[in-house]
Amino acid sequence: DTGVSQDPRHKITKRGQNVTFRCDPISEHNRLYWYRQTLGQGPEFLTYFQNEAQLEKSRLLSDRFSAERPKGSFSTLEIQRTEQGDSAMYLCASSFSRRGYTFGSGTRLTVV
Amino acid sequence: GIQVEQSPPDLILQEGANSTLRCNFSDSVNNLQWFHQNPWGQLINLFYIPSGTKQNGRLSATTVATERYSLLYISSSQTTDSGVYFCAVRNTGFQKLVFGTGTRLLVSP
């Protein structure tokens, strides 16, 4: 068990560019979550997958954001046409059934 | 949606002191978790505790679901306990965890 892995750790991009982040959950965990955290705030929910099905999405997830979890394994989060307001830490977590979450180290996005 | 309030917002302790952090929530929940976010940003799950009491070393937690609050106790604090402590809850019928605003703890030597 190597925990939840996220890649890249840091990403600096120019406004208007597209970015994609990857999350590899703990292998036996069937649930995967994406959260976003800005400075001084608690994490905010973005979306949830059970296996490969995306079952819940936050209203925070505008149509510039898309997430996938093909085959119920790793997940990707893509942001199109990035804006400065997208600058944040993007966190992935996984869990088995309704137990405690394990978070990854996050991807820090800076849009310049 | 459900509201989660944590108190105190900031706490400064000397090494060796004990503390109690509180989490109040506005609706019934089927999932409550306490997390520690270290100074490098890593969120560590401390407890999954929708009800009852659990202990893990110097940390313990109690959730009284009927009264909509949870407490996290830290005994004999150490400098490595510094960071932000978050309470997060989930309503029945939803999948998302809603996080509180956190308690920022600084333990000085």
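On a predicted model such as this, the values are computed, not experimentally measured, just so you know.

1. Describing the side chain of B:Ser70
Residue and element names in this part refer to chain B.
Working step 1: Mapped onto the elements of the fold, Ser70 is located in strand β8 (residues 69-74).
Working step 2: Residue class for Ser70 comes out buried when judged on its relative accessible area of 0%.
Working step 3: Among the polar contacts listed, one links the side chain of Ser70 to the backbone oxygen of Thr62, at a separation of 3.1 Å.
Working step 4: Of the polar contacts made by the side chain of Ser70, one reaches the side chain of Thr63; its length is 2.9 Å.

2. Remarks on the state of the cysteines
Residues and elements named next belong to chain B.
Working step 1: The final tally for this structure, using the stated rule, is 2 disulfides over all chains.
Working step 2: The residue that forms a disulfide with Cys23 is Cys87, at a sulfur-sulfur distance of 2.0 Å. Note on the Cys23 and Cys87 pair: the S-S dihedral is about -55°, so by sign convention the disulfide is left-handed. Residue Cys23 is located in strand β3 (residues 19-25), and its partner Cys87 is located in strand β9 (residues 83-91); the two are separated by 64 residues in the primary sequence.

3. Some thoughts on the pairing of strand β11 (residues 107-111) of chain A
The two faces of the sheet receive side chains in turn, since in a regular strand these alternate between them.
Residue and element names in this part refer to chain A.
Working step 1: Residue alternation in β11 divides its side chains into a buried set, Thr107, Leu109 and Val111, and an unburied set, Arg108 and Thr110.
Working step 2: Alignment of strand β2 (residues 10-13) against β11, held across 4 bridges, turns out to be parallel. Note that in β11 the partner of His10 across the bridge is Arg108.
Working step 3: Two elements, strand β9 (residues 88-95) and β11, share 3 bridges in a ladder whose sense is antiparallel. Counterpart to Met89 in the pairing with β11 is Arg108.

4. A look at the nonpolar core
Working step 1: Ranked by size, the top nonpolar core spans 22 residues in total, and within it B:Trp34, B:Leu72 and B:Val89 carry the most contacts.
Working step 2: Every element with two or more residues in this core is listed here: β2 (10-14), β3, β4 (29-37), β5 (43-48), β7 (59-64), β8, β9 and β11 (103-108) of chain B.
Working step 3: Once residues within four sequence positions are removed from consideration, B:Val89 is found in contact with B:Ile2, B:Val4, B:Phe25, B:Val29, B:Asn31, B:Leu32, B:Lys96, B:Leu97 and B:Val98.
Working step 4: Of all hydrophobic cores here, the second largest spans 19 residues; its members include A:Phe21, A:Phe49, A:Cys92 and A:Leu109.

5. Overview of the packing of aromatic side chains
Working step 1: Throughout the structure, instances matching the rule amount to 12 aromatic pairs over all chains.
Working step 2: Taken together through their ring pairs, the aromatic side chains of A:Tyr33, A:Tyr35, A:Phe45, A:Tyr48, A:Tyr101, A:Phe103, B:Phe35, B:Phe86 and B:Phe99 make up a single cluster.
Working step 3: Across from the ring centre of A:Phe74, 3.9 Å away, lies the NZ or CZ of A:Arg22, which sits over that ring.
Working step 4: One residue, B:Arg22, lies across the ring of B:Tyr69, its end atom 4.3 Å from the ring centre.

6. Let's talk about unusual backbone geometry
Working step 1: In this structure, A:Pro8 follows A:Asp7 across a cis peptide bond, with omega equal to -5°.
Working step 2: Counting through the fold element by element, A:Pro8 comes out in the loop between β1 (5-7) and β2.
Working step 3: Of note, the bond from B:Ser7 into B:Pro8 is cis; its omega dihedral lies within 30 degrees of zero at -10°.
Working step 4: You can see B:Pro8 is positioned in the loop between β1 (4-7) and β2.
Working step 5: Here A:Asn51, not a glycine, exhibits a phi torsion of approximately 55°, which is positive.
Working step 6: Within the secondary structure layout, A:Asn51 lies in the loop between β5 (44-50) and β6 (53-57).
Working step 7: Take A:Asn51: its relative accessible area is 35%, and that puts it in the partly exposed class.

Quick notes on the rules
- Residues numbered from 1 in each chain as written.
- Chains lettered and ligands numbered in written order.
- Predicted model: local features only at pLDDT ≥ 70, side-chain atom pairs only at ≥ 80, totals over all residues.
- Heavy atoms only, no water.
- Helix = DSSP H or I, 4+ residues; strand = E, 2+ residues; numbered from the N terminus.
- Buried < 20%, exposed > 50% of the residue type's maximum accessible area, 1.4 Å probe, protein only.
- Polar contact = N/O pair within 3.5 Å; in protein donor to acceptor, adjacent residues only side chain to side chain.
- Disulfide = S-S within 2.5 Å.
- Pairing = 2+ DSSP bridges.
- Core = buried A, V, L, I, M, F, W, Y, C linked by side-chain atoms within 4.5 Å.
- Contact = heavy atoms within 4.5 Å.
- Phe/Tyr/Trp six-rings, centres within 6.5 Å; stacked < 30°, edge-to-face > 60°.
- Lys NZ or Arg CZ within 6 Å of the ring centre and 35° of its normal.

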